[in-house]
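# Structural features, examined
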Amino acid sequence: MRTTTSLPGRKRRPRQKSDGAGDLNLARRQPAATPNNGETLDPQDWTALRAQGHRMLDDMLDYLERIRERPVWQPIPEAVRRRLEQPLPRHPTDLGSVHETFMNSVLPYALGNTHPGFMGWVHGGGTAVGMLAEMLAAGLNANLGGRDQAPVVMERQVLSWMRELFGFPAGASGLFVTGTSMANFVAVLVARTGALGQKVRAHGIAASEIRLRAYASAATHSSLARAMDLAGIGTDALRIIGVDDRHEMDVGALEAAIEQDRGAGFMPFFIAATAGTVDVGAIDKLDVLADVARREHLWFHVDGAYGALGMLAADIAPRLAGIEHADSIAFDFHKWGQVPYDAGFVLVRDGKLHYDTFATPAPYLGRGHRGMAAGSPWPCDFGPDLSRGFRALKTWFTISVYGADQLGQTISRCCERARYLARRIEAEPELELLSPVSLNIVCFRYNASDEVNADIVADLQESGVAAPSTTKLRGRLAIRAAIVNHRTAEQDMDALIDATIRFGRNKNPQSGRHHDE
Ligand SMILES: Cc1ncc(COP(=O)(O)O)c(C=O)c1O
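The sections below set out a description of the structure shown in this document. Computed from a prediction, not measured in an experiment: that's the story for all the values here. (Residues numbered from 1 in each chain as written. Predicted model: local features only at pLDDT ≥ 70, side-chain atom pairs only at ≥ 80, totals over all residues. Heavy atoms only, no water.)

### A closer look at the pattern of salt bridges
Filter applied, for reference: A side-chain nitrogen of Lys or Arg and a carboxyl oxygen of Asp or Glu constitute a salt bridge if their distance falls within 4 Å. We call a residue buried when its accessible area falls under 20% of the maximum for its residue type, exposed when it is over 50%, and partly exposed in between, using a 1.4 Å probe and counting protein chains only. Secondary structure elements are taken from DSSP: a helix is a run of H or I of four residues or more, a strand is a run of E of two residues or more, and numbering for both begins at the N terminus.
Within this structure, the stated rule accounts for 26 salt bridges. Residue E69 is joined to R66 by a salt bridge in which the shortest nitrogen-to-oxygen separation is 3.7 Å. Given the relative accessible area of 35%, E69 is considered partly exposed. Overall, the relative accessible area of 7% leaves R66 in the buried class. With its nearest N and O atoms 2.4 Å apart, the salt bridge here joins E255 to R295. Of this pair, E255 sits in helix 9 (residues 251–263) while R295 sits in helix 10 (residues 286–296), and the two are 40 residues apart along the sequence.

Below is the structure:
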């Protein structure tokens, strides 16, 4: 992808042939950076530390610049595993040597989601800009629990951009969290407070006579059930609604379930729609579900882990119509927003209810009109965490440097790649497309047993050529490619197809064993 920024120039090192392991082991045999001055943990020799720091930065820029030359993933050799399992170090080790361990034993054996050939699960690719912002955040060592500081103002700025993007009112609140799993949990807790009143925070769910019911489709991510569990409402209170042949929630079945539950004495309180299901990328009918929620006086939540940021893409935003009526939206900047991990976000329409769900006054967290204690409410009043990192900075940098439109175009391009992949699959008699391609996820299989398909996926991953994951669709194992990374190109789709067919042909469909590899 072309960036609108240019990274600081430097003398380029001669390229080395990539063997995938330790090939970025550059300039490590430089004079040692002295550990510290004995009194504090600051270095004795800042010049040496600066030189070592520049080498570390250069190595990571080299890694990103040359990512395509590496295998997507490779198994961790036993010797490397053992090298990483050391007893607690009691004495100092030179920073250069620790960095060397990272370069040789960690970097080559990471999952590889920065690589254009990575297509497993739903992992974002990150950017060099996000990495640099993360370095600045770490240097500042800001704690965003609260207090009057510019980092908190920046988190509020990102919140304000998200209000604008999703058409939420000025009173809407929002918070950075680890990921959508946590964002879903926060949303369930706020909706619970809305249903049972603030007293539930003191008395707990068990003290209430009311039996809550939530609704989500069979395609909903497992984090929704876990959120119900963590909230103490229980997974039994999450009623799973069937899906149609496009994997979208069956609205008629939802309405029938709500009616049936009311008749049986339950209190329906929460509908969780999904914008971009994890298996196939389906988008529930958000506008229709918003109407049902309004009519039935239920909380309308949208799990938009990756799909919600489709609002940035001109061709996808219209398909998310209705999201502006949500009571809460959970999504991740670290997926389609290309922000480095982690950067989840929860947006809540009713900021007062959100505050009332979490705010917990304490004398040592007193607020004031001036000094550092000003600026209440603080982020810690809207979620479970008090100590919080500066996730807002890498997000603010990413959105500022690339601009919302370019990020949206990246999302559109991922979907184009997915459609290209689907066309290639349909043209190959040995392959079968298992689901229509709604967004960026393609599920298919080689014409053989589940075991052979699982083996093909392991072969693909171990070959380092392409890294899809698997799922089950209607009881059959699917090879699943999710195009989330801005670096992924048509050539990566071609490599996936060619290698799938090659590995498939090399197997005995009966036994799933290799013939002649
Ligand atoms: C639809 C959906 N919801 C929730 C999640 C969980 O998000 P996270 O991994 O950021 O917690 C995912 C992850 O892929 C997802 O696809």
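### Observations regarding the sheet that holds strand 5 (residues 299–303)
Defined as follows: Here, a strand pair is defined by DSSP locating no fewer than two bridges between the strands. In this analysis, axes come from line fits to C-alpha atoms, helices being fitted only over the stretch in contact, and the angle between any two N-to-C directions falls in the range 0 to 180 degrees. We call two residues in contact whenever any of their non-hydrogen atoms come within 4.5 Å of each other.
As summarised here, the arrangement of the 7 strands in space is 1-7-6-5-4-2-3, forming an open sheet in which the pairing is mixed. Only two strands of the sheet have a single partner each, and these edge strands are strand 1 (173–177) and strand 3 (238–241). For this sheet the average axis-to-axis angle between neighbouring strands, irrespective of direction, equals 20 degrees. Judged from the 5 bridges that link them, strand 2 (residues 212–217) and strand 4 (residues 267–274) form a sheet pairing that is parallel. Across the sheet, the residue bridging to A214 is F270, located in strand 4. Helix 11 (residues 351–358) contacts strand 1, strand 5 and strand 7 (344–348) of the sheet and is inclined by roughly 50 degrees relative to strand 1.

### Digging into the side chain of R487
Quick reminder of the rule: Pairs of N or O atoms within 3.5 Å make up the polar contacts considered here, provided that, within protein, one atom can donate a hydrogen while the other can accept it, and that residues adjacent in sequence are counted only when both atoms are side-chain atoms.
As for its position among the elements, R487 is in the loop between strand 11 (476–482) and helix 15 (490–505). For R487, the side chain forms a polar contact with the main-chain oxygen of G125, separated by 2.9 Å. Here G126 takes part through its backbone oxygen, which lies 3.0 Å from a polar atom of the side chain of R487. Among all residues touching R487, those that are not within four sequence positions of it are L64, I67, R68, T114, P116, G125, G126, T127 and D492.

### Looking at the site of the ligand
To be explicit about the condition: We call a residue near a molecule or strand whenever a single non-hydrogen atom of that residue lies within 4 Å of it. With residues, only the protein chains shown are counted as cover, and all accessible areas are computed by Shrake-Rupley using a 1.4 Å probe. When residue character is reported, Ala, Val, Leu, Ile, Met, Phe, Trp, Tyr, Cys and Pro are called nonpolar, Asp, Glu, Lys and Arg charged, and the others, Gly included, polar.
Around the ligand there are 13 residues in total, and T180, S181, D303, D332 and K335 lie nearest to it. Between an oxygen atom of the ligand and a main-chain N or O atom of T180, the distance comes to 3.0 Å. The separation between an oxygen atom of the ligand and a polar side-chain atom of H334 is 3.2 Å. The fraction of the free accessible surface of the ligand (390 Å²) that becomes covered by protein chains is 85%. Classifying every residue of the shell around the ligand gives 3 nonpolar, 7 polar and 3 charged.

### Notes on the sheet that holds strand 9 (residues 441–446)
The 4 strands lie next to each other as 8-9-11-10, forming an open sheet whose pairing is antiparallel. Of all the strands in the sheet, just strand 8 (431–433) and strand 10 (469–473) have a single pairing partner and so form its edges. Adjacent strand axes in the sheet meet at a mean angle of 40 degrees when their direction is disregarded.

### Concerning the nonpolar core
Cut-off, in case you're wondering: For the purposes of this section, nonpolar cores are sets of buried Ala, Val, Leu, Ile, Met, Phe, Trp, Tyr and Cys residues that join through side-chain atoms within 4.5 Å.
M162, F166 and F333 are the most contacted members of the largest nonpolar core, which has 95 residues in total. Of the residues forming this core, the biggest block, 8 residues, is contributed by helix 13 (residues 404–426). Core analysis: the next-biggest nonpolar cluster, separate from the first, contains 32 residues, V188, V200, L224 and A231 among them.

### Looking at the packing of aromatic side chains
To keep it simple, the criterion reads: Working definition: rings of Phe, Tyr and Trp (its six-membered ring) pair if their centres are within 6.5 Å, and the pair is stacked with planes under 30 degrees apart, edge-to-face with planes over 60 apart, and tilted otherwise. Distance and angle both matter: a charge sits over a ring if NZ of Lys or CZ of Arg is within 6 Å of the ring centre and within 35 degrees of the ring normal.
Counting across every chain of the model gives 11 aromatic pairs. Ring centres of F118 and W121 lie 6.4 Å apart, and the angle between their planes is 35 degrees; on these two criteria the pair is classed as tilted. Its relative accessible area of 44% is what places W121 among the partly exposed residues. Through successive ring pairs, a cluster of aromatic residues spans F166, F176, F331, F333 and F345. Directly above the ring of W378 sits R367, whose terminal nitrogen or CZ lies 3.9 Å from the centroid.

### Describing helix 8 (residues 222–230)
Here is the rule: To obtain the arc, one takes the directions from the helix axis to the C-beta atoms.
For helix 8, the complete set of buried residues consists of S223, L224, A227 and M228. All buried residues of helix 8 project into a common sector of 150 degrees when viewed along the axis, lining one side. Along helix 8, the residues that are exposed and aim more than 90 degrees away from the buried face are S222 and L230. Buried residues along helix 8 sit in contact with helix 6 (180–196), strand 2, strand 3, strand 4 and strand 5.

Keep in mind these values describe shape, not function.
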